[in-house]
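One letter stands for each residue in the lines below.
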Amino acid sequence: MYVKWFKDLNKDSIAVAGGKGSNLGEMFNLGLPVPEGFAVTAQTYKEFIEVTGIKDKIQSYLKDLDMEDTSRLQQSAAAIQKLITSTTIPEDIADEIKDNYELLSADKKTAANLLGGQEVFVAVRSSATAEDLPSASFAGQQATFLNIKGKDNVIKAVRDCWASLFTARAIYYRTKNQFDHSKVLISAIIQRMVNSDQSGIMFTVNPATNDDSQTVIEAIYGLGEMIVGGQISPDLYIVDKKTKDIIHVEIKKKERGLFRNEAGRNEEQDIPREMQERQVVPDSDIKELARLGKKIEEHYGRPQDIEWAVEKGRIYIVQTRAVTTFNKNHEKEKELQETDAKIVLRGETACRGIISGPVRIVLSMDDLSKVQKGDILVATMTTPDYVPAMQRAAAIVTDEGGMTAHAAIVSREMGTPCIVGTEHATKVLKDGQVITVYATKGIVYEGKVAFQEEKKEKAEKVETQTEVKVIMDLPDFAERAASTGADGVGLVRLEIIIANGGIHPAEYIRQDKAHEYIALLKEGIGKIAKAFFPKPVWVRCSDMRSDEYRNLKGGDKEPHETDPMIGWHAIRRLLDEPEILKAEFQAMKELHDEGLTNVGVMLPFIIRVEEVQKAKKIMEELGLKPLKDIEFGIMVETPASCWIIEDLCKEGISFVSFGTNDLTQLTLGIDRNNSRIAPLFDEMHPAVLGEIAKVISVCRKYNVTTSICGQAGSRPEMARFLVQQGVDSISANVDAVDEIRQVVAKAEKKR
Ligand code: PEP
Ligand code: MG
């Protein structure tokens, strides 16, 4: 009742077992050999604070807490944590946890040993029910306790996990993001620790050549940390996915390994001489691993990067995540030479590369000016306001965020090495300290580490009938985006150009400075249009939600809305404040006058034909004829626009572009920023695909060009679907253009 084993969990169990727990359940139920374990449910935590009566006390500490009063916040956080860790867990709950730990310890092979078997080492991890919010991953909730053994220690670790819900930072972020503290619950995951005899990494696509017909396996003796840390060279095995044959074996000399000792501590041991140059795992294990890899890849629909381990001859899958950079034309990374440098941090690769430089810690907007060219920007997380400083930075390291966080997206567009989700960067690193960011491996080294530059290799561009374009936000990186050979820009978001200017569009108008706004836009759009000329560049009129740009000058005058996502933004706002729209159109007109006739315009969040009519009228009054002088399109990102697509086509538009981020949000009724329901956010839902298919077929009838500019355009499965439906162009992130082009080429062949 208080715990749920992995077999009873799946990806929809976030409310019970949090993000981590539900993911483990999903893997377990896929039949993968995940180390056994269970979740002490989020509801158990709830009962604990209710039954013991500490819930109200917690609330009273949180009430009226001023988030900017750091020392009081720290004090209250410490008091709440102490309250939780010093409150006895009710006996029935504690007994159930202990009993299940005992079951976990039982040697399943000898039933006699079912109870009272040797206690096993477990990892106890917190798994919050609102984990990994894109806008605020709940820092501090990532508490992990490794090598825990014994019932009482397990109970203690569970309580410590619960307490981690109330670190000062976690409280701060929940408050700032308007999360009700009492609604965010926490589950503790208890999982047997594999004491690896062998371990390694497996990629279901060859990361060196991006050949997706191969599985690449790296293997060492002992625990996997040593591969990740790059301390020893692993064996390399390559398996042909189709024939299942091992087609390449490279055995390296492995002199050391990391092993867990009796006391639960990891220690380095010498590998016996006769084993050093032996293949780490037998062929049969290599084949079995490749089989599991294929299964995982098929389940998740994307190439995977998998951590595996073998204990007493049994294979375990420890973790799996999508391969993020899968790019045939990618510039070969600078590879690190053998190094003894100390690893100070680890995180997720957002943009690959390696670079050294001095640290600049940015904790608030005031710190941004500290960042000089060549510095390493270190921040809790980044927002659009950080972009100017991010552009100066040689590398970026953040505490929070995942692959789709702001820092990740922007760094990829810039090609700036970036590691996200390190949890502690702002604490561990010091201002001015020199570090080496090995983003490709998600590692930060102390000091300057020597590395060798490899020659850049460019693969040939494959030709496709469907155009493959890019999404662009940063004018300074237009040349880089254009060098991908993309067929144009399917979306320029004006918001970053605006954020760089530091003033809210409405403020320019209030101050009677529309000309300054026009100049700013012209400069930014102009750079992109020039870099791509004569290829089309579709610029979206501003779409600023009222909660997102408060830091800009005049941003404080924006209204407070209950739900800004569906509030006063995009075309509805631009028609209420036509001076803003006029200025944006004027900028485009002047660029056309200067010869940049490749600039097209796109209206966001259309729900009515009249909106298109009114916008056209405003443009005509400026002396620019929509459709005739300039490509004039709309975003299809509301279900309403899908329903009335025929009328919109009849009204006259040059093109439509699917904004699948909003279209999915609105069709499925899923807030795109709410991580609790993020697993349900799926652009491939039949309802969304149905809308897209319908719109494409109507548009073809009216000769209206179709395109996509939501994030889903970078998803191979969406690209395949769109090609089948006969879409005219697909826009992807800069780093995904090559991959999508390959996918499109294959899909066209099939069509
Ligand atoms: C979309 O909604 O898919 C889109 C491209 O617009 P944004 O992400 O800026 O809302
Ligand atoms: Mg949108």
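First things first, this report covers the structure right here in the doc.

Rules and cut-offs
- Numbering of residues starts from 1 in every chain and runs along the sequence as written.
- Just so you know, chain letters begin at A and ligand numbers begin at 1, following the order they were written in.
- Residue-level local features of this predicted model are given only where pLDDT is at least 70; pairs of side-chain atoms are given and counted only at 80 or more, and the full residue set underlies all totals for whole chains, interfaces and linings.
- The side-chain numbers reported here are obtained from all heavy atoms of the structure, hydrogens and water having been left aside.
- Think of it this way: any DSSP run of H or I at least four residues long counts as a helix, any run of E at least two long counts as a strand, and we number them from the N terminus.
- Multiplying 1.5 Å by the helix residue count minus one yields the expected span of that helix.
- When accessible area is computed with a 1.4 Å probe and restricted to protein chains, residues below 20% of their type maximum are described as buried, those above 50% as exposed, and intermediate ones as partly exposed.
- Any two residues whose heavy atoms approach within 4.5 Å at even a single point are treated as in contact.
- Nitrogen, oxygen and sulfur within 2.8 Å of a metal are treated as its donors, or within 3.2 Å for sodium, potassium and calcium (Na, K, Ca); water is not counted, so a site can appear incomplete.
- Throughout, nonpolar core names a set of buried Ala, Val, Leu, Ile, Met, Phe, Trp, Tyr and Cys residues whose side chains join them through atoms within 4.5 Å.
- A side-chain nitrogen of Lys or Arg and a carboxyl oxygen of Asp or Glu constitute a salt bridge if their distance falls within 4 Å.

With that out of the way, let us pick up helix 6 (residues 151–163). Between its first and last C-alpha, helix 6 extends 19 Å over 13 residues, near the 18 Å set by a 1.5 Å rise per residue. Among the residues making up helix 6, those that are buried are V154, I155, A157, V158, R159, C161, W162 and A163.

Quick look at the environment of L292 now. As for its placement among the helices and strands, L292 is situated in helix 10 (residues 283–300). For L292, a relative accessible area of 2% gives the class buried. For the pair L292 and L32, spaced 260 residues apart in sequence, the C-alpha to C-alpha distance is 7.3 Å. Beyond its immediate stretch of four places on either side in the chain, L292 contacts L32, P33, I315 and I317.

Moving on, we get to helix 26 (residues 737–750). Taking 1.5 Å of rise per residue, 14 residues should cover 20 Å, and helix 26 covers 20 Å from first to last C-alpha, within 8% of that figure. Most of helix 26 is tucked away, with ten of its 14 residues classed as buried. Restricting attention to buried positions, one finds in helix 26 the residues V737, D738, E739, I740, R741, V743, V744, A745, A747 and E748. Close packing links the buried residues of helix 26 with strand 24 (467–472), helix 25 (716–725) and strand 31 (729–732).

Attention now goes to the coordination of the magnesium ion (ligand 2). Only E637 (OE) and D662 (OD) from the protein reach the magnesium ion (ligand 2) as donors, at distances of 2.0 to 2.1 Å. Highlighted residues: E637 in the loop between strand 28 (632–636) and helix 21 (639–643) and D662 in helix 23 (residues 660–668), separated in sequence by 25 residues. D662 shares its class with E637; the two are buried.

Between F533 and P534 the backbone carries a cis peptide bond, its omega angle lying at 0°. With respect to the helices, strands and loops of the structure, P534 is situated in the loop between helix 17 (514–532) and strand 26 (537–540). Here the phi dihedral of K244 falls at roughly 65°; this positive angle occurs in a residue that is not glycine. With respect to the secondary-structure elements, K244 resides in the loop between strand 8 (235–240) and strand 9 (246–250).

What follows is about the nonpolar core. Among the nonpolar cores identified, the biggest contains 92 residues, and F532 and F585 are the most heavily contacted of them. The greatest single-element share of this core, amounting to nine residues, is contributed by helix 17. If we ignore the near neighbours within four places in the chain, the residues touching F532 are V470, M472, A478, A481, A482, A486, G488, V489, V537 and N598. If you look at the next biggest cluster of nonpolar residues, it comprises 45 residues, including M67, L73, I93 and I171.

So, on to the pattern of salt bridges. Applying the stated criterion across every chain yields a total of 43 salt bridges. Notably, a salt bridge pairs D152 with K98, separated by 3.6 Å at the nearest N-O pair. Here the residue D152 occupies a position in helix 6, and K98 occupies one in helix 5 (residues 91–105), the gap between them amounting to 54 residues. Of the residues examined, K98 reaches a relative accessible area of 24% and is grouped as partly exposed. The partner of R510 in a salt bridge is E507, with the nearest N and O atoms 2.8 Å apart. Of the two residues, R510 and E507 both sit in helix 16 (residues 505–510), three residues apart, roughly one turn of that helix. Looking at E507, the relative accessible area reads 5%, which means it is buried.

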